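Read off the chains here:
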Amino acid sequence: MTRSNTLNWGSAIVLSFVVFAGFIGTMVYKMISQRVDLVADNYYQQEEVYQKQIERINHTSQLKQKSSMTYSVPDQIIRIALPTSVKKGEVTFFRPSDKNLDFTVPVLTQSNSLVTIPTTNLKKGLWKIQATWTDGREEYYLEEEVVIK
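Residues numbered from 1 in each chain as written. Predicted model: local features only at pLDDT ≥ 70, side-chain atom pairs only at ≥ 80, totals over all residues. Heavy atoms only, no water.

Caption draft 1: The sheet that holds strand S1 (residues 68-72), seen in detail. On the basis of which strands lie adjacent, the open sheet formed by three strands has the order S1-S2-S5 and antiparallel pairing. The open sheet has two free edges, formed respectively by S1 and strand S5 (114-118), since each of these has just one partner strand. Looking at each pair of strands side by side, their axes are set apart by 20° on average, direction ignored. Examined bridge by bridge, S1 and strand S2 (residues 77-81) share five bridges and lie antiparallel to one another. Paired with Ser 68 across the two strands is Ala 81, which belongs to S2. (Pairing = 2+ DSSP bridges. Helix = DSSP H or I, 4+ residues; strand = E, 2+ residues; numbered from the N terminus. Axes fitted to C-alpha atoms, helices over the stretch in contact; angles between N-to-C directions.)

And the structure:
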């Protein structure tokens, strides 16, 4: 009898299980080593006060003078047009992929209702920009997603 170099069924099944187990092991290792940032560390506490956020959004939609946020690629500037009645506020730059890059810029009372923020130092990619402000009576909120290039 001559022995051929072909794999028999038993060896093929064992080899298939070994390859499958190696694939699953590799996937588990990649998933465990992947860094996952939560949207917020205190997610549940923020969820409890979300009604206030809904009220801010409703107040913003009822403004006669609309607010807007635009990103100028050539100038590398974010322009936020707020109503002239702004007493104080802040603009939060939220990076979904890395919470270590998040930061907040205060907005103080200005005679000019246009807030400009340079983006030259920002890492390229997706950013959520959240502006909150008050006129002394009501609070307002505006959010936009911007891809920095």
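Caption draft 2: Representation of the sheet that holds strand S6 (residues 125-134). Pairing in this open sheet of four strands is antiparallel, and the strands run S4-S3-S6-S7 from one edge to the other. With one partner strand each, in any of the chains shown, strand S4 (103-108) and strand S7 (139-148) form the two edges of the open sheet. This sheet shows a mean twist of 20° between the axes of neighbouring strands, independent of strand direction. Running at roughly 85° to S7, helix H3 (residues 50-61) makes contact with S6 and S7 of the sheet. (Contact = heavy atoms within 4.5 Å.)

Caption draft 3: Spatial organisation of the pattern of salt bridges. Per the counting criterion, the structure on display carries five salt bridges. One salt bridge in this structure joins Lys 52 and Glu 139, with 4.0 Å as the shortest N-O distance. Of this pair, Lys 52 sits in helix H3 while Glu 139 sits in strand S7; the two residues are 87 residues apart in sequence, bridging distant segments of the chain. Residue classification places Lys 52 among the partly exposed positions, given a relative accessible area of 43%. Take Glu 139: its relative accessible area is 30%, and that puts it in the partly exposed class. Of the charged contacts, one joins Asp 75 and Arg 79 as a salt bridge, the two residues approaching to 3.2 Å between their closest N and O atoms. The class of Asp 75 is partly exposed, set by a relative accessible area of 43%. When its relative accessible area of 28% is taken as the criterion, Arg 79 is described as partly exposed. A single network of salt bridges, built from pairs that share partners, joins Lys 52, Arg 56 and Glu 139. (Salt bridge = Lys/Arg side-chain N within 4 Å of Asp/Glu carboxyl O. Buried < 20%, exposed > 50% of the residue type's maximum accessible area, 1.4 Å probe, protein only.)

Caption draft 4: Fine view of unusual backbone geometry. Positive phi, normally seen in glycine, also occurs at Gln 76, with a value near 55°. For Gln 76, the position within the fold is in the loop between S1 and S2.

Caption draft 5: The environment of Leu 122, seen in detail. Turning to its location among the elements, Leu 122 is positioned in the loop between S5 and S6. Its relative accessible area of 13% is what places Leu 122 among the buried residues. Separated by 101 residues in sequence, Leu 122 and Ala 21 place their C-alpha atoms 42 Å apart. When near neighbours in sequence (up to four residues on either side) are disregarded, Leu 122 contacts Phe 93, Phe 103, Trp 127 and Ile 148.

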